[in-house]
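# Understanding the architecture of this molecule
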Amino acid sequence: MARRVAVIGAGVSGLSSIKCCLDEDLEPTCFERSNDIGGLWKFTETSKDGMTRVYKSLVTNVCKEMSCYSDFPFQEDYPNFMNQGKFWYYLQEFAEHFDLLKYIRFRTTVCSVTKRPDFSETGQWDVVTETEGKQERAVFDAVMVCTGHFLNPHLPLESFPGIHNFTGQILHSQEYRSPEGFQGKRVLVIGLGNTGGDVAVELSRTAAQVLLSTRTGAWVICRSSEWGYPYNMVVTRRCLNFIAQVLPSCVLNWIQEKKMNKRFNHEHYGLSITKGARKIIVNDELPTCILCGTVTMKTSVKEFTETSAVFEDGTVEENIDTVIFATGYTFSFPFLEEPLKSLCTKKIFLYKQVFPSNLERATLAIIGLISIKGSILAGTELQARWATRVFKGLCKIPPTQKLMAEATKKEQLIKRL
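Rules behind the numbers
- Residues numbered from 1 in each chain as written.
- Predicted model: local features only at pLDDT ≥ 70, side-chain atom pairs only at ≥ 80, totals over all residues.
- Heavy atoms only, no water.
- Salt bridge = Lys/Arg side-chain N within 4 Å of Asp/Glu carboxyl O.
- Helix = DSSP H or I, 4+ residues; strand = E, 2+ residues; numbered from the N terminus.
- Phe/Tyr/Trp six-rings, centres within 6.5 Å; stacked < 30°, edge-to-face > 60°.
- Buried < 20%, exposed > 50% of the residue type's maximum accessible area, 1.4 Å probe, protein only.
- Pairing = 2+ DSSP bridges.
- Core = buried A, V, L, I, M, F, W, Y, C linked by side-chain atoms within 4.5 Å.
- Contact = heavy atoms within 4.5 Å.
- Axes fitted to C-alpha atoms, helices over the stretch in contact; angles between N-to-C directions.
- Patch = residues over 30% accessible without salt bridge, like charges linked within 9 Å, V, L, I, M, F, W, Y side chains within 5 Å.
- Areas by Shrake-Rupley, 256 points an atom, 1.4 Å probe, with all protein chains shown as cover.
- Polar contact = N/O pair within 3.5 Å; in protein donor to acceptor, adjacent residues only side chain to side chain.

## What about the pattern of salt bridges?
- Counting across every chain of the model gives 17 salt bridges.
- Of the charged contacts, one joins Glu317 and Arg186 as a salt bridge, the two residues approaching to 2.8 Å between their closest N and O atoms. Highlighted residues: Glu317 in strand E17 (residues 316–317) and Arg186 in strand E10 (residues 186–190), separated in sequence by 131 residues.

## Describing unusual backbone geometry
- Cis geometry is found at the peptide bond from Glu338 to Pro339, where omega equals 0°.
- Mapped onto the secondary structure, Pro339 falls in the loop between strand E19 (329–330) and helix H9 (340–344).
- Its identity as a non-glycine residue notwithstanding, Asp25 has a phi of 60°, on the positive side.
- Summarising the element assignment, Asp25 is placed in the loop between helix H1 (12–23) and strand E2 (27–31).
- Phi is positive for Lys352, which is not a glycine, with a value near 55°.
- Residue position: Lys352 is located in the loop between strand E20 (350–351) and strand E21 (355–356).

## Comments concerning the packing of aromatic side chains
- Following the criterion strictly, the structure yields 23 aromatic pairs and no others.
- A centroid spacing of 5.9 Å and a plane angle of 65° characterise the contact between Phe72 and Phe94, whose relative ring orientation is edge-to-face. In this pair, Phe72 is assigned in the loop between E2 and helix H2 (84–97) and Phe94 in helix H2, connecting sequence segments 22 residues apart.
- Since its relative accessible area comes to 14%, Phe72 is described here as buried.
- Ring geometry for Phe74 and Tyr90: centres 3.9 Å apart, planes at 35°, overall tilted. Taken together, the residues span a long stretch of sequence, with Phe74 in the loop between E2 and H2 and Tyr90 in helix H2 at a distance of 16 residues. Per residue, the accessibility class of Phe74 equals that of Tyr90, and both read buried.
- Connected via pairs of aromatic rings, a cluster forms that spans Trp41, Tyr69, Phe72, Phe74, Tyr78, Phe87, Tyr90, Phe94 and Phe98.

## Some thoughts on the pairing of strand E5 (residues 125–131)
- Of all the seven residues making up E5, five are buried; the element is thus mostly covered by neighbouring parts of the structure.
- Pairing analysis gives seven bridges linking strand E4 (residues 108–115) to E5, with the strands arranged antiparallel. Considered in E5, the bridge of Thr108 is made with Thr131.
- Across seven bridges, E5 lies against strand E6 (residues 134–140) in antiparallel orientation. Bridge pairing in E6 places Val127 opposite Ala138.
- Here E5 hands over to E6 after two residues, with Glu132 in that stretch at a positive phi of 50°.

## Description of the pairing of strand E18 (residues 322–325)
- Here E18 shows no split at all, with Thr322 and Ile324 on one side and Val323 and Phe325 on the other all buried.
- Bridge count for strand E9 (residues 169–172) against E18 is four bridges, and the pairing is parallel. Looking at the pairing, Gln169 lines up with Thr322 of E18.
- As paired strands, E10 and E18 are joined by four bridges and run parallel to one another. Bridging across to E18, Val189 finds its partner in Ile324.

## Some words on the nonpolar core
- Formed by 66 residues in total, the largest nonpolar core has its most connected members in Met144 and Leu286.
- A per-element tally of this core places H2 first, with six residues.
- Formed by 21 residues, the second largest nonpolar core is a distinct cluster that contains Val127, Phe333, Phe335 and Leu359.

## A closer look at helix H4 (residues 194–203)
- For H4, the tally of buried residues reaches eight of 10 residues, placing the bulk of the element in the interior.
- Listed in full, the buried residues belonging to H4 are Gly196, Gly197, Asp198, Val199, Ala200, Val201, Glu202 and Leu203.

## Structural notes on the sheet that holds strand E3 (residues 104–105)
- Strand order in the open sheet made by the five strands is E3-E2-E1-E7-E22, with parallel pairing throughout. Each end of this open sheet is capped by a strand with a single partner; those strands are E3 and strand E22 (364–366).
- Taken strand by strand, helix H10 (residues 376–392) contacts strand E1 (4–8), strand E7 (142–145) and E22, and its axis lies near 165° from that of E7.

## Considerations on the environment of Gln84
- Assignment of secondary structure puts Gln84 in helix H2.
- Taking the relative accessible area as the measure of exposure, Gln84 reaches 10% and is therefore buried.
- Separated by 177 residues in sequence, Gln84 and Asn261 place their C-alpha atoms 30 Å apart.
- Discounting residues that sit within four places of it in the chain, Gln84 has contacts with Trp41, Lys42, Phe43, Val54, Tyr55, Lys56 and Leu58.

## Digging into the environment of Phe160
- Here Phe160 shows up in the loop between strand E8 (152–153) and E9.
- Linking Phe160 and Asn232, residues 72 residues apart in sequence, is a C-alpha distance of 37 Å.

## Describing a nonpolar patch on the surface
- A surface patch of nonpolar side chains, about 430 Å² in accessible area, is lined by Val235, Leu240, Phe242, Ile243 and Val246.
- Among the elements that take part in the nonpolar patch, helix H6 (residues 238–246) stands out by supplying four residues, more than any other.
- Structurally, the position occupied by Leu240 is in helix H6.

## Here's the deal with the side chain of Ser34
- For Ser34, the position within the fold is in the loop between E2 and H2.
- You can call Ser34 buried: its relative accessible area is 7%.
- Only 2.7 Å separates the side chain of Ser34 from the side chain of Glu32, close enough to count as a polar contact.
- Filtering out sequence-adjacent residues up to four positions away, Ser34 remains in contact with Met51, Arg53, Phe106 and Arg107.

Structure (structure tokens):
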């Protein structure tokens, strides 16, 4: 049975994992490369440390009633949707309430996580860490990787002909913190996700003009729903989930599209979504900004010149000062050895999106590498609960041969489709 557990990262997933280890009488040691908890929720004025952080104006998309750790609810005077500062303070309260900080080693980078020679018998790992230039090696019975989705900015410059000739400023949304410095500029935001929508709306208050380019469009919903209740509370219901499982997908899509277009016709706003796509973003102000002309919707970029962008619909926008790529992130596990490193980047080879399928012993878990409709806090807590019980021997998972066979079969099926 595992006793000593290494937890990599002290963000939302890492805090869940430390707490769940303590609940199961395990001995966690958390390694955090920054100087504080919270991961991307800890705001910093710059991105010089290379870590992904939230922008200053960020507001949560899931209301407090549907988003908290199970044994630590938000205070009653907290708003339904919280800004970055309020949410980070909640994480701080959680860590202090359960006395988690003493298990975290700050300013410590994990260099490598490798199997011990007797791994097939013990399931143990060698973990090498570095703190202020000094390396240490320790043996752990289990490892919980809590580094999340947002590790490396995805900047697909090769997909945009002429971008290297562009003389203006080029940024990834990871570098964006506030609208200061964009006054009077013409800004092109590429990518219509939650971040792209937020950045475009905020910049529209200071920039001369904001252009928002999208390939697929998106359904835009508000945080508030009928009668003013938070949208998550209204739509997250067992009966609605049952209906979604029973109805044919074509009927369900038709109903959802009618409902989405009831507030405003997405096609008229330049937001019409590509057939087959199901992208939904939360933004209370984007439709109004489009109506007022402070944000102009554009199709995907065909090519760049030195000062302008040519779009797929043939239109050209001149005198662009800044291009911000809100094109998402990639995740990786640089501290893992091959073939485990490559396998973990393929979610299909993660059993229940937690345990790598190729390990003889289930003593390494990936926590928080999930995309869910609801709260990431609830999702990571459930993952961490299960993982720690597997470590302790209270829960079992199928043998590796069966898991690898099933994952390989799914992968081949996907390739054929």
